[in-house]
Structure formats: C-alpha cells, structure tokens
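Remarks on the overall topology
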Amino acid sequence: MKRALVLAGGGAKGAFEVGAAYQLIRERGLWFDVITGVSIGAINASMLGQAEDQNALAAQVERLKEIWFALKGSKDVYRRWYPRVPEWLNAGLTLLNNKRSLYHLKPARKLIEANVDPERLRNSGIEVRFGYVDFISGRYVPASNRDYPDLISAIIASGSIPVTFPPVLLPGGEEGLDGGVRNGTPLASAFEALRLWPEGDVPDQMYVVLPSTKPRTEAYPEFAGIKLTSWLKVGERAIQLMSDEIHVNDVKHALEINELVKTHCAPDPKYRYVDIKIIHATKGLGPGLTFDPEAIRRNFEHGLERAREVD
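Conventions used here
- Residues numbered from 1 in each chain as written.
- Predicted model: local features only at pLDDT ≥ 70, side-chain atom pairs only at ≥ 80, totals over all residues.
- Heavy atoms only, no water.
- Helix = DSSP H or I, 4+ residues; strand = E, 2+ residues; numbered from the N terminus.
- Buried < 20%, exposed > 50% of the residue type's maximum accessible area, 1.4 Å probe, protein only.
- Contact = heavy atoms within 4.5 Å.
- Phe/Tyr/Trp six-rings, centres within 6.5 Å; stacked < 30°, edge-to-face > 60°.
- Lys NZ or Arg CZ within 6 Å of the ring centre and 35° of its normal.

Here the focus is the environment of K2. Among the secondary structure elements, K2 is positioned in the segment before β1 (3–7). According to the relative accessible area criterion, K2 is partly exposed, its value standing at 26%. For the pair formed by K2 and L194, sequence separation is 192 residues and the distance between their alpha carbons is 7.0 Å. Ignoring any residue separated from it by four or fewer positions in sequence, one finds K2 in contact with D33, L194, W197, D204 and Q205.

What follows is the structure, encoded as structure tokens:
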C-alpha cells in the first residue's frame with residue numbers, strides 16, 4: 001500500500017494544512033510516498049517533500065510549523081510595491097508604472113529559498129507534484145520534483161494569485177500564475193503519482209486536506225462587518241468564494257469516480273480504487289491574504305483537531 005497527501009490552496013489558511021500534516025506525521029507516524037499541492041499547498045508540500053525517510057519527514061513538519069509560527073504578519077510573505085504611500089495610491093502607482101500586480105512576493109521567495117533545497121527535494125524519498133497556470137495559454141502545467149528544471153520558481157508561481165501578485169518567469173519563457181485558478185485541489189496529480197507503483201492487495205490511501213468548509217448556505221462569519229473598501233479585502237473575498245467552490249467540486253468529482261471504480265464501472269481502466277480520507281475545516285479560517293500570527297496558531301490547532309477525528 002502507498003499513501004498520498006493532497007494539500008489544497010488557501011493562502012494564509014495553509015496553517016490548517018500544517019496542523020493536519022503535523023498530526024498525521026508526528027502523532028500517527030505516517031509516511032507519505034506522494035505529496036501534491038497547489039498554491040500555498042505547493043509551498044507546504046515542497047517543505048515536507050524534502051524528506052528521505054520517516055525521521056526526516058517528522059523533522060520537516062516540525063520545521064514547517066516553526067516557519068509558520070515565526071511569521072509576524074503579511075509583510076513577511078508579500079509587500080506593496082510602494083510601501084510608504086496609502087493603499088489607494090499604491091494601486092494607482094502600480095498602474096502608472098506598468099506594474100503587473102498590486103503586491104510582490106519577494107519576502108516569500110526569500111523564505112522559500114532559505115528553506116527549500118532544490119537538490120534535496122529532487123532526490124528525496126517522496127514524489128512531490130505541484131502546478132501552475134501558464135499566463136498566456138491558460139493551461140494548468142503540472143511539475144514534478146524529479147525533473148522540473150527550476151523548482152523554486154515553479155513553487156512561487158503556484159501561489160502567485162493573478163492581479164494580486166505578478167506572473168513568475170519560468171523556463172521556456174512561460175509566465176506562471178496560481179495553479180489554484182484551474183486546479184484548487186490537485187487530486188488528479190496524486191492519482192497519477194500513485195499509479196507509478198503496481199497495485200497491491202490493500203488499496204492505496206489518500207489524505208486530502210482542505211482549508212475550507214463543506215458547502216455552506218450561511219454567511220461567512222470571518223467577513224461579518226468587514227467593508228470591502230480596499231483592493232486587499234476585495235481580493236480576499238474573491239479568493240474565499242472561488243477556493244471554497246473549487247475544493248468542493250474537485251473532491252466531489254474524485255469521490256464519484258472512486259465509487260465507480262469500486263463498483264467496477266470506471267470510465268477509464270487506468271483508474272483504480274483509493275481509500276480517500278478528507279480533512280476539512282468546520283469553521284471559518286479567516287481571510288486568505290491576512291497572515292495574522294494569532295489566526296495562524298488558531299488554524300494550526302484546528303487542523304490538528306480535525307485530523308485527529310479522521311480514521
């Protein structure tokens with residue numbers, strides 16, 4: 001039996017994923033042969049995916065927790081192009097000076113470069129897959145730790161939200177944007193990676209971590225009373241709506257296909273049954289672009305608690 005971990009997008013809500021991963025790896029002692037991620041999930045996956053064995057994986061999730069808990073605010077992840085002027089003037093200056101986004105990800109790149117060793121990631125004991133959207137063609141481009149030439153840039157691109165952050169120049173002249181735009185929950189990449197190994201007598205396992213709730217009809221409590229008066233607040237609200245919907249649809253489709261495989265009615269013989277376990281939030285995790293230290297710790301704990309409730 002092989003085991004995969006799937007980490008969805010969600011910006012600052014990625015702390016929920018870290019809490020869930022911590023419980024699975026540190027408390028249960030699980031090993032993952034495959035880790036896939038997109039957007040913030042790609043960054044988390046690249047950190048965990050450097051492990052060569054179980055002890056190293058436990059150390060990596062501990063280090064990932066330390067990195068998240070060390071964040072003092074959003075400025076540790078992204079910044080305005082013109083930090084000394086008001087928000088509205090920053091937006092105006094970005095247009096006048098032909099900037100391609102409202103903010104830049106230089107702090108995030110620095111953080112990733114300090115904690116992700118491309119060679120170690122490439123030669124680890126885990127198959128790591130993430131992806132980005134090509135800005136020109138609009139297609140989702142999957143990337144693997146085994147053969148992608150510029151892993152750091154691909155990881156950054158996977159989390160570069162359109163308009164909010166700039167496209168990332170990649171090998172071959174592509175410009176990459178947030179993979180979550182087209183593939184918010186990289187389940188397909190996990191299924192494909194698991195097929196690298198022969199099918200065993202016991203079904204493979206897949207843990208899917210979603211930093212969002214199930215479909216809801218009520219208002220989002222984390223946005224109650226907030227006036228969408230800035231680019232940042234509008235962007236956060238749009239990301240919340242988009243990511244929740246994508247996560248739900250992605251998982252629903254995967255479960256439907258999985259059930260067809262189980263009943264021998266699969267639409268394609270390449271599919272095989274996988275024991276899928278979903279870990280999702282049961283309460284609002286806050287805005288996706290606000291890296292608040294208290295919210296990070298709170299969301300980490302919620303991820304920890306939710307993972308303990310899954311068999």
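Additional details are given in the paragraphs that follow.
The next subject is the packing of aromatic side chains. Tallied over the entire structure, the rule returns 8 aromatic pairs. Their ring planes at 65° and their centres at 5.6 Å tell us that Y22 and F300 sit as a pair that is edge-to-face. Of this pair, Y22 sits in helix α1 (residues 14–27) while F300 sits in helix α10 (residues 293–308); the two residues are 278 residues apart in sequence, bridging distant segments of the chain. With a relative accessible area of 2%, F300 lands in the buried category. Here the basic side chain of K65 rests over the ring of Y22, its NZ or CZ set 5.0 Å away from the ring centre. For the cation-ring pair, R297 lies above F69, with the distance from its terminal atom to the ring centre recorded as 4.6 Å.

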